[in-house]
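# Coordinates in review
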Amino acid sequence: MLINDPSRYKEYLPITGLAEFNKLSAKLIFGADSPAIQENRVVTVQCLSGTGSLRVGGEFLAKHYHEHTIYIPTPTWGNHPKIFTLAGLTARTYRYYDPATRGLDFNGLVEDLSSAPLGSIVLLHACAHNPTGVDPTVDQWEKIRQLMRSKSLLPFFDSAYQGFASGSLDKDAQPVRMFVADGGELLMAQSYAKNMGLYGERVGALSIVCGSADVAVRVESQLKLVIRPMYSSPPLHGPSVVATILRDSEMFNEWTVELKAMADRIISMRQQLFDALKSRGTPGDWSHIIKQIGMFTFTGLNSEQVAFMRQEYHIYMTSDGRISMAGLNMKNLPHLADAIHAAVTK
Ligand code: PMP
């Protein structure tokens, strides 16, 4: 049994990782019938989870792309500015979240991207924006796409939560596929940390959609030159687990059912928290709790209220008021609602 265990195979992978994993990852995000894949315009390299994919993509752009400014949303995942700055890019911000509506600042976003220099890189959260839980609608995505393509802004998608937002892998990939369908170029960083629970395996992929198959071949060889001196080659175990699931239709279906169950549970926790605040008569409009998407809710609580909840109720969250919906259950939800009520009314 021990002798036959396939995980005992410990050879090096090639610089670009496990080829089958790369192919299946591109299909998962771009769609099995993606014309870009069929035309061999997509290069995919296995990287060290989402972070490593962003970093390799950032270094590649710093070396080979003509514009070194990357626009990131405010707010964004705290690691984004550090990853891109250390990769050699200059990080600037575009407006994203409107504290007044606790929703998308669409006009601010459009204004900021409209005034970005031609060809700038723009970091976009593919779905379930971290930390706000606020995503553009399909209509707004279409407007963002048109604006970006008209100014030759290069999309760099970060997909850390595919399947977590709606419970459907395809639906969560829709914004990305809209950008691929227009034939333009883009970068895509994928993580399997959340949607396959493979956090510690550090398994992810960077894909670059190129203008032609010929460019894709050259991009791949340059990506190898970025990766080789950074970590030589990626690990083997994680991508083997992912490929085993993605290649097998029965396991794949089982995974999608589990993903949907997780997403649905989060959505129902949103409703229950909203209802609990309503039944307590907590002042304010809490509808953003049900409108926001994915693992996180940006509650709108200020740092003083967050500190009060920590001291008086032992509820711990980031000081910007972000809570992880995945940490809520029927048992601890009333305690959280009591704490929010007390913080708001004190
Ligand atoms: N992007 C976003 C928006 C994230 O929230 C995370 C994880 N918190 C990541 C990327 C990367 O995570 P990992 O490197 O573990 O895949």
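Residues numbered from 1 in each chain as written. Predicted model: local features only at pLDDT ≥ 70, side-chain atom pairs only at ≥ 80, totals over all residues.

Per an unreviewed UniProt entry, the chain goes by Aspartate aminotransferase and derives from Panicum virgatum. What the UniProt record of the chain gives under Sequence similarities (unreviewed entry) is the line "Belongs to the class-I pyridoxal-phosphate-dependent aminotransferase family." According to its UniProt record, the chain has this under Subunit (unreviewed entry): "Homodimer." (UniProt positions renumbered as here; feature names shortened; annotations may be inferred.)

## Concerning unusual backbone geometry
Excluding glycine, residues mostly have negative phi values, and the peptide bonds linking residues are mostly trans. Residue Pro 75 is bonded to the preceding Thr 74 through a cis peptide linkage, with omega at -5°. Secondary-structure assignment places Pro 75 in the loop between strand E2 (69-74) and helix H4 (79-86). Look at the link from Asn 130 to Pro 131: it is a cis peptide, with omega at 15°. Take Pro 131: it is sitting in the loop between strand E6 (121-125) and helix H6 (138-150). At Ser 152, a position not held by glycine, the phi torsion is positive, near 50°. Tracing the chain through its elements places Ser 152 in the loop between H6 and strand E7 (154-159). Unlike most non-glycine residues, His 314 shows phi in positive territory, near 55°. Along the polypeptide, His 314 turns up in the loop between helix H13 (303-313) and strand E11 (322-324). (Helix = DSSP H or I, 4+ residues; strand = E, 2+ residues; numbered from the N terminus.)

## What about the UniProt feature "domain: Aminotransferase class I/classII large" (unreviewed entry) in the chain?
In the UniProt entry, the feature "domain: Aminotransferase class I/classII large" (unreviewed entry) is given for residues 5-340. Secondary structure over residues 5-340 splits into 47% helix and 16% strand, and the C-alpha atoms at its two ends are 50 Å apart.

## Remarks on the site of the ligand
The full set of residues close to the ligand is Ser 49, Gly 50, Thr 51, Trp 77, His 125, Asn 130, Asp 158, Ala 160, Ser 191, Ala 193 and Gly 204. The residue inventory of the shell around the ligand, partitioned by class, reads three nonpolar, seven polar and one charged. (Near = placed C-beta within 6 Å. Nonpolar A, V, L, I, M, F, W, Y, C, P; charged D, E, K, R; others polar.)

## Topic: the nonpolar core
Grouped together as the largest cluster of nonpolar side chains are 88 residues, with contacts concentrated most on Val 45, Val 56, Ile 70, Val 122, Phe 157, Val 176 and Leu 206. Not counting chain neighbours up to four residues away, the residues in contact with Val 176 comprise Ile 29, Ala 126, Phe 157, Ser 159 and Met 188. (Core = buried A, V, L, I, M, F, W, Y, C linked by C-beta atoms within 7 Å. Buried ≥ 20, exposed ≤ 12 C-beta atoms within 10 Å, placed from the backbone. Contact = placed C-beta atoms within 7 Å.)

## Observations regarding the sheet that holds strand E3 (residues 90-95)
Read across the sheet, seven strands follow the order E1-E9-E8-E7-E6-E2-E3 without closing on themselves; strand pairing throughout is mixed. Edge positions in the open sheet fall to strand E1 (42-48) and E3, since each of these has one partner strand only. Each strand of the sheet is rotated relative to its neighbour by a mean of 25°, with strand direction disregarded. (Pairing = 2+ DSSP bridges. Axes fitted to C-alpha atoms, helices over the stretch in contact; angles between N-to-C directions.)

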